[in-house]
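These are the residues of each chain, in order.
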Amino acid sequence: MLPPELPPLPALTRAEGELIDRYLDVVDLLGRINPARHGDTYGGLRAAQALVARAAELRDALALMHQRGETEVHAPTLARALRVLDGERRTARVTVPPRSDS
């Protein structure tokens, strides 16, 4: 049995696609660094070191959009792209987990 087919990505400019990819890279690293999540300090350190480069790439993606005249972020379209790319799960790792009363 095949897994369910994912919905297609919305039409994005190349710069918007780069923005989404770089944003999710940063989110993934922040999720690894999150002190409220289980992990080790070495893994967090490595993620923090990589975060510097990924943040610069995110900045460059936004700068490219601006240079090309893409001055508005089309939030509904980009949010759909994030959902298709599992952005809800990935960004949840950045938040503080719910309180465990046990």
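All of these numbers come straight from a predicted model, not from anything done at the bench.

**Concerning the nonpolar core**
L19 and I20 are the most contacted members of the largest nonpolar core, which has 13 residues in total. Among the elements of the structure, α1 (14-33), α2 (41-67) and α3 (75-84) are those that each provide at least two residues to this core. No other element matches the 6 residues that α1 contributes to this core. Beyond its immediate sequence surroundings of up to four residues, I20 is in contact with L78, A81, L82 and L85.

**Remarks on a positive patch on the surface**
A surface patch of like charges, here positive, comprises R32, R37, R46 and R93. Counting through the fold element by element, R46 comes out in helix α2.

**Structural notes on the side chain of E16**
Residue position: E16 is located in helix α1. Despite its burial, E16 pairs with no opposite charge, the nearest such side chain being R68 at 9.4 Å. What E16 contacts, discounting residues up to four positions off in sequence, is A11, M65, E70, H74 and L78.

**So, α2**
Between the first and last C-alpha of α2 there are 39 Å, a value that for 27 residues agrees with the 39 Å anticipated at 1.5 Å per step. Here α2 has its buried residues at G44, A47, L51, L58, A61 and M65. Looking at the buried residues of α2, the elements they touch are α1. Where α2 starts, the residue carrying a side-chain oxygen 3.2 Å from the main-chain nitrogen of Y42 turns out to be D40. Positive phi appears at G69, one or two residues downstream of α2, with a value of about 85 degrees.

Parameters at a glance
Sequence order as written defines residue numbering, which begins from 1 separately in each chain. Local features in this predicted model are restricted to residues of pLDDT 70 or higher, and side-chain atom pairs are both shown and tallied only at a pLDDT of 80 or more, whereas totals for entire chains, interfaces and linings draw on every residue. Based on all heavy atoms of the structure, the side-chain values leave hydrogens and waters out of the count. Among buried residues, those of type Ala, Val, Leu, Ile, Met, Phe, Trp, Tyr and Cys that are joined through side-chain atoms within 4.5 Å constitute a nonpolar core. For each residue, the accessible area found with a 1.4 Å probe, counting protein chains only, is set against the maximum for its type, and the residue is called buried under 20%, exposed over 50%, and partly exposed in between. Secondary structure elements follow DSSP: runs of H or I no shorter than four residues count as helices, runs of E no shorter than two count as strands, and numbering proceeds from the N terminus. Contacts were defined at the residue level, with two residues in contact if any of their heavy atoms lie within 4.5 Å. Residues with no salt bridge and a relative accessible area higher than 30% make up the patches, which join like charges within 9 Å and nonpolar side chains (Val, Leu, Ile, Met, Phe, Trp, Tyr) within 5 Å. Areas reported here follow the Shrake-Rupley algorithm with a probe of radius 1.4 Å; residue values treat only the protein chains shown as occluding. We define a salt bridge as a side-chain nitrogen of Lys or Arg found within 4 Å of a carboxyl oxygen belonging to Asp or Glu. Charge counting follows a simple rule: Lys and Arg are positive, Asp and Glu are negative, and His as well as the terminal groups are ignored. For this purpose, a charge sits on NZ of Lys, CZ of Arg, CG of Asp or CD of Glu. Given the number of residues in a helix, its expected span is that number minus one, multiplied by 1.5 Å. Pairing of N or O atoms within 3.5 Å defines a polar contact, subject to two protein rules: one partner must be a possible hydrogen donor and the other a possible acceptor, and residues neighboring in sequence count only if both atoms are side-chain atoms.

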